[in-house]
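# Observations on the model geometry
Read off the chains here:
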Amino acid sequence: MEEQATVTAADIARIAGVGRAAVSNWRRRYGDFPPPVGGTASSPLFSLFAVENWLRERGKPVEISLGDRIWQRLRNLGDDLALGDRVGRVGSYLSRRGVWTFSPRYDDAELLGLLDRFVEERGAREAFEFLCERYVDAHSRQLSVTPEPVAALMSRLIGPGPGVVLDPACGLGTLLLASGGTRLLGQVDDPATSCIAAHRLLLAGADMEMYGADALSMDSYEGVLADAVVCDPPFNEREWGYDELIGDPRWEYGQPPRGEPELAWVQHCLAHVKPGGLVAIRMPPAAAGRRTGRRIRGNLLRAGALRAVVTVGGADLWLLRRPESGERPPSRLLLLADPSTVEEQWRAHLRGAEVPGAVRIIDLLDEEIDLSPARYQARDEHAGEAFLEVRKHFEGIRPELPTLVVSDEKPSFVTIGELLKSGVLTVPDLVEEGDVVASPAVPAYVHSGKPFTAEPTMSKYRADPERLDAAFLAGCLRAAGQITPTSSTRIDLKRTRIPRLPIETQRAHGAAFTRLAAFEDALREAAESGLELVRLGLAGLTEGQLIPEN
């Protein structure tokens, strides 16, 4: 079984303690590197046994942890399509020690022994969390996990001591684990994922309940009201059951448009929280301003259900409170583009205090009802001071052109390919100081600094300094338009023409090329600083932080 275990390139990098680029370099440079034994061209699998031997033969440190050995054996019990099911069954085994629920074809006595050893070392909960992390890494494109800082913030915004907490799209249970609730209710549309989430909660000692079904189309908690609801629902799903759910009683604030399932999730969450209870739901930024959703946004505002929209980590948090009977709706909505002070401001806003960032709801109820926080926040609170700093930097930029004159001489040319054949140029394995590098993203330049391994899309050349000046070569490559990508994504510069010039003339040209490159950099820096001056000037004049000088 050990010799059948396979690993990905990411696994190899982790085992060897190097980056992914180093593994790619080994595959390219060493003909005896173990070939793929499975997977696909874009995601190959390698024999763990062969990779270990290859690394040891070259004196490279190999340290495969007990957890990684368990992970590889678990992964090789079947294909990756059923990997989530196998991880869930391990969670079941760890939650109910001694009960193994794999089918006979998955029986692996050695794996059970390794799991028992791992539990003795790290405890059942930590052992399962380790395997869950590996599972997320292996399925990063299919799984969407709420970032831990965002999950922690959401839990603080609904807390402290929220009691019963529901997450109707709980994924692997991250938000529920962070919530601090005394009873945790979860639901997710994939049975394997719900199994993993359930055992994460059980191993954390939670009082919990979990269902594996889509909450919008099959509400497992119908009639249940929680003290708080947290949710990070799937974004932009078109097949969410619009036709089957027309007129659903959960749509208290309006029928969600076909293209706005997120507004269905908002109302589902509100339908499952007690009067006065809080909801924290992660939303795509577009949901705050789409025209199709303006009616529902308006109804949420008028009823006093939506209390804040906060931009956090590339998405928005909508903070809601289910209105109590007879309660007077608030007059302001908290809109924050900077989450650094949200906790203090949110608590004060809930108490009815006036806080920075609170916008009058009557001013929001226009034709658009756009609740995007950036629209209502000053772009720069220190625009005046920043304007002076940027202006000082701008005035210090001094682009200088080299002095160039017209020449009547027409040189002959030689190609890069010919220079390589003659030995004037070589292609180094490792880029060192003085080598010339060209890439699709960066103009050709002469490297200075520590050696590094070039990426596959880079071309690298080492010139004989007695016959070819490196700065001259870099300038010619830059003038030739940098690169010509081939179908294999490598760079082919062999046809680039280089003038035949004496070495002293090359060096003079190289110095001029270098000054032109510096001139270009200075122009670009001046342009960027100039645009920033305009932005800060507009913001400073608008906000009263700058005034025209008499």
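In this report, the structure presented in the accompanying data block is examined.

What counts and what doesn't
- Residues numbered from 1 in each chain as written.
- Predicted model: local features only at pLDDT ≥ 70, side-chain atom pairs only at ≥ 80, totals over all residues.
- Heavy atoms only, no water.
- Helix = DSSP H or I, 4+ residues; strand = E, 2+ residues; numbered from the N terminus.
- Rg over C-alpha atoms; globule rule 2.2 N^0.38 Å.
- Buried < 20%, exposed > 50% of the residue type's maximum accessible area, 1.4 Å probe, protein only.
- Contact = heavy atoms within 4.5 Å.
- Areas by Shrake-Rupley, 256 points an atom, 1.4 Å probe, with all protein chains shown as cover.
- Lys, Arg positive; Asp, Glu negative; His and termini not counted.
- Charge placed at Lys NZ, Arg CZ, Asp CG, Glu CD.
- Expected span 1.5 Å × (residues − 1).
- Axes fitted to C-alpha atoms, helices over the stretch in contact; angles between N-to-C directions.
- Parallel < 35°, antiparallel > 145°, perpendicular 65-115°, else oblique.
- Left-handed = near helix turned anticlockwise from the far one by under 90°.
- Nonpolar A, V, L, I, M, F, W, Y, C, P; charged D, E, K, R; others polar.
- Pairing = 2+ DSSP bridges.
- Right-handed = clockwise from strand over helix to strand, strands pointing away.
- Phe/Tyr/Trp six-rings, centres within 6.5 Å; stacked < 30°, edge-to-face > 60°.
- Lys NZ or Arg CZ within 6 Å of the ring centre and 35° of its normal.

## Topic: the overall build of the chain
Within the chain one finds 19 helices and 18 strands. Computed over C-alpha atoms, the radius of gyration of the chain comes to 31 Å, more than 25% over the 24 Å expected from 2.2 N^0.38 for 550 residues, which places it beyond the range of a compact globule. Considered along the principal axes of its C-alpha atoms, the chain spans approximately 90 × 85 × 40 Å. Counting only residues that meet the buried cut, the chain has 45% of its 550 residues in that class. Summarising the internal contacts of the chain: among those between residues at least 6 apart in sequence, 66% fall at separations of at least 24. Looking at the chain as shown, the accessible area adds up to about 28300 Å², and 51% of this sits on carbon and sulfur atoms. The positive charge centre, built from 64 side chains, and the negative charge centre, built from 78, are 2 Å apart in the chain.

## Some points on helix α5 (residues 83-95)
Across its 13 residues, α5 extends 18 Å between first and last C-alpha, which sits within 8% of the 18 Å expected from 1.5 Å per residue. Where burial is concerned, most of α5 is hidden: 10 out of the 13 residues are buried. Buried within α5 are the following residues: L83, G84, R86, V87, G88, V90, G91, S92, Y93 and L94. Here the buried face of α5 lies against α4 (66-75), α6 (109-122), α7 (124-138) and α10 (191-203).

## Remarks on the packing of α7 against α10
Interaxial distance between α7 and α10 falls to 9 Å at its minimum, and their mutual angle equals 150°. In terms of their interaxial angle, α7 and α10 are classed as roughly antiparallel. Considering how the two elements wind past one another, α7 and α10 form a crossing that is left-handed. Along its contact with α7, which presents A124, R125, F128, E129, C132 and Y135, the element α10 presents I196, H199, R200 and L203. A per-class count over the contact of α7 with α10 returns six nonpolar, one polar and three charged.

## A closer look at the pairing of strand β8 (residues 273-283)
Within β8, eight of the 11 residues are buried, leaving the element largely enclosed by the surrounding structure. Where strand β7 (residues 226-231) lies against β8, five bridges are found, and the strand directions are parallel. Across the sheet, the residue bridging to A226 is V273, located in β8. Since β7 and β8 lie parallel, the crossover through helix α11 (residues 261-271) that links them has a hand, and here it is right-handed.

## Observations regarding the pairing of strand β9 (residues 306-312)
For β9, the buried fraction is high: six of the seven residues fall into the buried class. Note that β9 and strand β10 (residues 315-321) share six bridges and pair antiparallel. Residue pairing across strands places V309 opposite W318, the latter belonging to β10. Counting the residues between successive antiparallel strands, the hairpin from β9 to β10 contains two residues, one of them, G313, with a positive phi of roughly 60°.

## Side note on the sheet that holds strand β15 (residues 436-438)
Strand order in the open sheet made by the four strands is β14-β17-β15-β16, with antiparallel pairing throughout. Two strands lie at the open edges of the sheet, namely β14 (425-426) and β16 (445-446), each paired on one side alone. Relative to strand β17 (residues 459-463), β14 runs antiparallel, the two sharing two bridges. Bridging from a neighbouring strand, L425 pairs with A463 of β17.

## Description of the packing of aromatic side chains
The description of an aromatic ring pair uses the distance of the two centres, along with the angle that the planes make with each other. This structure, assessed with the given rule, holds nine aromatic pairs. Between F33 and W54, the aromatic rings sit 4.8 Å apart at their centres with planes inclined by 75°, giving edge-to-face as the arrangement. With a gap of 21 residues between them, F33 in the loop between α2 (20-29) and β2 (38-39) and W54 in helix α3 (residues 48-57) connect regions that are remote in the sequence. Note on accessibility: F33 and W54 belong to one class, buried. When the centroid spacing of 5.9 Å and the interplanar angle of 70° are considered together, the rings of W240 and Y242 count as edge-to-face. This pair shows no difference in class: W240 is buried, exactly as Y242 is. Ring-pair connections join several aromatic residues into one group, and the members of that group are W26, Y30, F33, F46 and W54. Directly above the aromatic system of F413 lies the positively charged group of R497, at a separation of 4.0 Å from the ring centroid.

## Thoughts on the packing of helix α18 (residues 470-479) against helix α19 (residues 503-543)
Packing of α18 against α19 leaves a shortest axis separation of 7 Å and a crossing angle of 55°. Of the possible angle classes, the one that applies to α18 and α19 is oblique. The interaxial crossing formed by α18 with α19 has left-handed handedness. When α18 is examined against α19, the residues A471, F472, G475, C476 and R478 are found in contact with a partner set consisting of Q506, H509, G510, F513, T514, A517, E520 and D521. Class assignment of the residues belonging to the contact of α18 with α19 gives a composition of five nonpolar, five polar and three charged.

Shape descriptors only; they carry no functional weight alone.
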